[in-house]
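Residues per chain are reported as follows:
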Amino acid sequence: MPTLRAENPKEKQLSIIEQRRAIMRGDAAGRTKVEVRKSSQAELEKGEITFDDLKFDIEKDEPFDAEKLTDTLRFLNGRKVKLSGYILPSTLFKETDISEFVLVRDNLECCFGPGAALFDCVMVEMVPGKTTDFVTRPVTVEGKFVFDPTKYQYPPGVGPDGASHFAIFRIEGVQVR
């Protein structure tokens, strides 16, 4: 990856952490800034959320700290939600009657496990009697949003590159469309 440099050559070179933050903001070397699509308060009240609503201040592979969760995340915990994304195929063992899967922001890059941001994936566990089938197009999952800081922790609490968790969000799914 090329090193990001400040516009003015006399300015100091960005550190790796500053480079990563610039990339996440969309400020990296000629890239167009990615539009943030957070839900309005009315949409949040109806449970219509986006992956941008799940963002909080944490670096990739940084140990999880519950103090960094946003008020929006605290508000969503335990509520019925609808979230669109992609079923991550590498986590599946079958293509039909799927009861658990990882929902990711997009299918263009890694969004799960080591090297991914905690807010870029949501574990989906379908409620008893409900399943879905694998598709390559975006899906919308409906169900109860749960913040779960214990279930998806790396044993014994430290994983690759110092990460403490591979996921912290879950949806107890009732429908996948």
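Anything mentioned here points back to the structure above.
First, a word on scope: everything that follows refers to the structure included in this document. Since this is a predicted model, take the numbers as computed values, not measurements.

Turning our eyes to something else, we now look at the overall build of the protein. Along the backbone of the protein there are three helices and six strands. In the protein, the succession of helices and strands from N to C terminus is α-α-β-α-β-β-β-β-β. When each of the 177 residues of the protein is scored for burial, the buried share is 39%. Relative to all contacts within the protein whose residues are 6 or more apart in sequence, the contacts with residues 24 or more apart total 64%. Of the roughly 10700 Å² of accessible surface on the protein, 51% is carried by carbon and sulfur atoms.

On to the packing of aromatic side chains, then. A complete count under the given rule lists seven aromatic pairs for this structure. Ring geometry for Phe 56 versus Phe 64: centroids 6.1 Å apart, planes at 90°, classification edge-to-face. In terms of burial, Phe 56 and Phe 64 fall into one category: buried. An aromatic cluster is built from Phe 56, Phe 64, Phe 119, Phe 145, Phe 147 and Phe 169, whose rings are joined through pairwise contacts.

Right, let's talk about unusual backbone geometry for a bit. Positioned with a positive phi, Asp 97 is a non-glycine residue whose angle comes to about 50°. Mapped onto the secondary structure, Asp 97 falls in the loop between β2 (80-87) and β3 (100-104).

This paragraph deals with the environment of Asp 65. Mapped onto the elements of the fold, Asp 65 is located in the loop between β1 (48-49) and α3 (71-76). The spatial distance from the C-alpha of Asp 65 to the C-alpha of Ser 164 is 9.4 Å, given a sequence separation of 99 residues.

Approximately 210 Å³ is the volume attributed to the second largest pocket. Along the wall of the second largest pocket there are 14 residues; nearest its centre are Thr 91, Leu 92, Phe 93, Glu 100 and Phe 101. Elements supplying a minimum of two residues to the lining of the second largest pocket: β3 and β4 (121-126).

This paragraph deals with the side chain of Glu 125. In this structure, Glu 125 sits in strand β4. For Glu 125, a relative accessible area of 17% corresponds to the buried category. A polar contact is formed between the side chain of Glu 125 and the side chain of Lys 151, at a distance of 2.7 Å. A polar atom in the side chain of Glu 125 sits 2.6 Å from the side chain of Tyr 152.

Another aspect to go through is the environment of Leu 76. By the element assignment, Leu 76 lies in helix α3. Residue classification places Leu 76 among the buried positions, given a relative accessible area of 0%. Considering only alpha carbons, one finds Leu 76 and Phe 145, 69 residues apart in sequence, at a separation of 6.6 Å. If we ignore the near neighbours within four places in the chain, the residues touching Leu 76 are Leu 44, Ile 49, Leu 54, Val 81 and Phe 145.

Calculation rules
Residues numbered from 1 in each chain as written. Predicted model: local features only at pLDDT ≥ 70, side-chain atom pairs only at ≥ 80, totals over all residues. Heavy atoms only, no water. Helix = DSSP H or I, 4+ residues; strand = E, 2+ residues; numbered from the N terminus. Buried < 20%, exposed > 50% of the residue type's maximum accessible area, 1.4 Å probe, protein only. Contact = heavy atoms within 4.5 Å. Areas by Shrake-Rupley, 256 points an atom, 1.4 Å probe, with all protein chains shown as cover. Phe/Tyr/Trp six-rings, centres within 6.5 Å; stacked < 30°, edge-to-face > 60°. 1 Å grid on protein atoms, 1.4 Å probe; cavity = no way out; pocket = protein on both sides within 12 Å on 5 of 7 lines; lining within 4 Å. Points joined across faces, edges and corners; volume = space filled by probe spheres on them. Polar contact = N/O pair within 3.5 Å; in protein donor to acceptor, adjacent residues only side chain to side chain.

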